Amino acid sequence: MGSLNRRPPDRLRRAQNAAAEAGIDVLLVSPGPDLRYLTGYAALPLERLTCLVLPTTGPEPFLFVPRLEKPAAEASPAGGLGIEITSWDETDDPYAMVAGRLPTGALRVGLDNHMWAEKVLAFRSAMPSAEQSLAGVVLRELRMRKTPDEVDALREAASAIDYVHDNMAQWLVAGRTEREVGADVAAAIIDAGHSSVDFVIIASGPNGASPHHELSDRTINVGEPVVVDIGGTTSQGYCSDSTRTYCIGEPSTAFRKYYDVLQSAQRAQTEAVRPGLTAEMLDHIGREIITEAGYGQYFIHRTGHGIGMETHEDPYIVSGNNLELEPGMAFSVEPGIYMPGLHGARIEDIMVCTQDGGEILNRTSRQLRLLGH
Ligand code: ZN
Ligand code: ZN
């Protein structure tokens, strides 16, 4: 784990090489997952400019921060990277200062995909002859392929969220509201070892038909299915994300019938993961089973998304994505069936593609979880 906190400078070199190959002269990386991936610095995204300046040739890379943020930047893993950390004062124009340290002329600049529009436009004014493009085109290729250390970090996140699902019976009780249950579950996400809560979906009864349902004051009743999709970020910056579907007491026969279909589809997908399988093929494997059983129109989203320092990142497991899975790619497999006005179900595991198949990082049962009342 220590090796992740001491962010390897070779990530900077790999990013420089990949950017050079893509014809980009400099990457400008603002606070967010790309900055954290490259430097270990989990800077807050604020109005003042904080930016990693990573030229592919010429000037050395540097981390450019507001003066008041310099102590925090130096204390972060970025301080141990061996790159210059330099600051600007309140009355400076930080964009002009960055431009002043770069070669002039028709530079091709790769901007952080999450950079605020006001910063993008300020860089455009400071470097009028530069061509702006997205750094993500380069960085996602690196971030999508996890190192063994990163897979360990995802495994740790998965086991933390598994702990919360394993203890759900304590909180998910008939007569409570989704919001009451959600508050307890959020606290448990932190207790289980995450440093932040990313989302808590407690979707009871008809709310289960909305995949991204927001917590409400609806009271949970006996006999209702409840979709619980939860995730957080660990101190190392890696995310968890797992869905299980519960029922307090016995569900209807109609619900049981499609839950069984969903479970077979999700199992077929997790068993199919291997290098060379395309993302769209993986989506198709589950969709076909659900469609053949007559529920195709109720599976209203893609099968999954990549996961790492962001909950949603490449690769997306979706029709039209012919990317071949490779060892080290991590993603969710989360088919769902949603019956408008009635209820819904989803089963979600995080998986890592390995040399000889796939590893499911979540260990809790995928059976419908019947809770007492
Ligand atoms: Zn989820
Ligand atoms: Zn997910």
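What you see is a predicted model, and the numbers here were worked out from it, not measured in a lab. (Residues numbered from 1 in each chain as written. Chains lettered and ligands numbered in written order. Predicted model: local features only at pLDDT ≥ 70, side-chain atom pairs only at ≥ 80, totals over all residues. Heavy atoms only, no water.)

Engineer: Help me out: how do you make sense of the sheet that holds strand β9 (residues 242-248) in this one?
Structural biologist: Spatial strand order, β7-β8-β9-β17: 4 strands in an open sheet with mixed pairing. Each edge of the open sheet is held by one strand with a lone partner, namely β7 (196-204) and β17 (369-371). With direction set aside, neighbouring strand axes in the sheet form an average angle of 25°. Pairing geometry for strand β8 (residues 225-233) and β9, over 6 bridges, is antiparallel. (Pairing = 2+ DSSP bridges. Helix = DSSP H or I, 4+ residues; strand = E, 2+ residues; numbered from the N terminus. Axes fitted to C-alpha atoms, helices over the stretch in contact; angles between N-to-C directions.)

Engineer: Quick question: what am I supposed to make of the environment of T243 here?
Structural biologist: Considering the arrangement of structural elements, one finds T243 in strand β9. The class for T243 is buried, based on a relative accessible area of 0%. Separated by 82 residues in sequence, T243 and I161 place their C-alpha atoms 9.7 Å apart. A distance of 3.1 Å separates polar atoms of two side chains, one belonging to T243 and the other to D229. (Buried < 20%, exposed > 50% of the residue type's maximum accessible area, 1.4 Å probe, protein only. Polar contact = N/O pair within 3.5 Å; in protein donor to acceptor, adjacent residues only side chain to side chain.)

Engineer: Got a minute to help me understand the domain arrangement of the protein chain in this structure?
Structural biologist: A common measure of how large an interface is: the accessible area buried when the components associate. Each domain of the protein chain was delimited in the assignment, giving domain 1 (2-143) and domain 2 (148-371). On a C-alpha basis, the centres of domain 1 and domain 2 stand 34 Å from each other. Taken residue by residue, the interface counts 11 residues in domain 1 and 12 residues in domain 2. Here domain 1 and domain 2 share an interface that buries about 1000 Å² over both sides, 44% of which is from carbon and sulfur atoms. Linking domain 1 to domain 2 there are 4 salt bridges. A salt bridge links D314 to R140; its shortest N-O distance comes to 3.9 Å. (Domains from an automatic or database assignment. Contact = heavy atoms within 4.5 Å. Buried area = accessible area lost by both parts, 1.4 Å probe. Salt bridge = Lys/Arg side-chain N within 4 Å of Asp/Glu carboxyl O.)

Engineer: How should I be thinking about the coordination of the zinc ion (ligand 2) in this particular structure?
Structural biologist: Reference values for coordination geometry: four tetrahedral donors around a metal ideally subtend 109.5 degrees, six octahedral donors ideally subtend 90 or 180 degrees. Every protein donor of the zinc ion (ligand 2) is accounted for by D241 (OD), H305 (NE2), E334 (OE) and E348 (OE), and the metal-donor separations fall at 2.0 to 2.2 Å. Because the angles between the 4 donor atoms bound to the zinc ion (ligand 2) fall within 82 to 162°, the donor set is best described as irregular. Taken in sequence order, the residues that donate to the zinc ion (ligand 2) follow the motif D-x63-H-x28-E-x13-E. The zinc ion (ligand 1) is placed at 3.1 Å from the zinc ion (ligand 2), the two being bridged by D241. In this pair, D241 is assigned in the loop between β8 and β9 and H305 in strand β10 (residues 304-306), connecting sequence segments 64 residues apart. (Donors = N, O, S within 2.8 Å, 3.2 Å for Na, K, Ca; no water. Tetrahedral: all angles 85-135°; square planar, octahedral: opposite > 155°, others 65-115°.)

Engineer: Just to check I follow, could you spell out the nonpolar core for this structure?
Structural biologist: Here is a general trend for soluble globular proteins: nonpolar side chains tend to be buried in one another's company. Core analysis: the largest hydrophobic core is formed by 36 residues, its most contacted members being L27, L38, Y41, L52, L63 and L139. When contributions to this core are tallied by element, the ones reaching two or more residues are α2 (10-21), β1 (26-29), α3 (33-39), β2 (51-55), β3 (62-66), α7 (136-143), α8 (148-166) and β15 (349-354). A per-element tally of this core places α8 first, with 4 residues. When residues of this core are sorted by domain, at least three fall in each of domain 1 (2-143) and domain 2 (148-371). Every residue in contact with L27, bar those within four places of it in the chain, is listed here: A15, A19, L52, V53, L54, G110, A135 and L139. (Core = buried A, V, L, I, M, F, W, Y, C linked by side-chain atoms within 4.5 Å.)

Engineer: Can you help me understand the sheet that holds strand β5 (residues 108-111) in this one?
Structural biologist: Neighbouring strands of a sheet are bound in pairs by backbone hydrogen bonds; such pairs are parallel or else antiparallel. The sheet built from 6 strands is open, its strands ordered β4-β3-β2-β1-β5-β6 with mixed pairing. In this open sheet, the two strands that pair with only one neighbour each are β4 (84-88) and β6 (131-134). Put simply, the sheet's adjacent strands are angled 25° from each other on average, direction ignored. With 3 bridges joining them, β1 and β5 adopt parallel strand pairing. Each bridged residue has a counterpart across the sheet, and for V26 the counterpart in β5 is V109.

Engineer: What exactly am I supposed to notice about the layout of surface pockets here?
Structural biologist: If you add up the space inside the largest pocket, you get close to 360 Å³. As for the largest pocket, its lining consists of 19 residues, and the residues nearest its centre are I201, P211, H212, D229 and H312. Mapped onto the lining of the largest pocket, the elements with two or more residues apiece are β7 and β10. Here the lining of the largest pocket is built from residues that sort into 6 nonpolar, 7 polar and 6 charged. Approximately 260 Å³ is the volume found for the second largest pocket. (1 Å grid on protein atoms, 1.4 Å probe; cavity = no way out; pocket = protein on both sides within 12 Å on 5 of 7 lines; lining within 4 Å. Points joined across faces, edges and corners; volume = space filled by probe spheres on them. Nonpolar A, V, L, I, M, F, W, Y, C, P; charged D, E, K, R; others polar.)

Engineer: Quick question: what am I supposed to make of α2 here?
Structural biologist: Working note: α-helix, 3.6 residues per turn, so residues spaced by three or four point in the same direction. Helix length check: α2 (12 residues) gives 16 Å between terminal C-alpha atoms against 16 Å at 1.5 Å per residue, within 8%. Within α2, burial applies to R11, L12, A15, Q16 and A19. End-on view of α2: buried residues confined to an arc of 140°, all on one side of the axis. Phi turns positive one or two residues past the end of α2, at G23, with a value near 80°. (Expected span 1.5 Å × (residues − 1). Arc of directions from axis to C-beta.)

Engineer: When you look at the packing of aromatic side chains in this model, what are you seeing that I'm missing?
Structural biologist: Both the distance between ring centres and the angle between the ring planes are used here to describe each pair of aromatic rings. As enumerated under the stated definition, the model contains 5 aromatic pairs in all. Residues Y95 and F123 carry aromatic rings whose centres are separated by 5.0 Å and whose planes lie at 80° to one another, so their mutual orientation is edge-to-face. Here F123 lies in helix α6 (residues 117-126) and Y95 lies in helix α5 (residues 94-100), a separation of 28 residues in the sequence. Between Y258 and Y295 the ring centres are 5.7 Å apart and the planes differ by 50°, which places this aromatic pair in the tilted class. (Phe/Tyr/Trp six-rings, centres within 6.5 Å; stacked < 30°, edge-to-face > 60°.)

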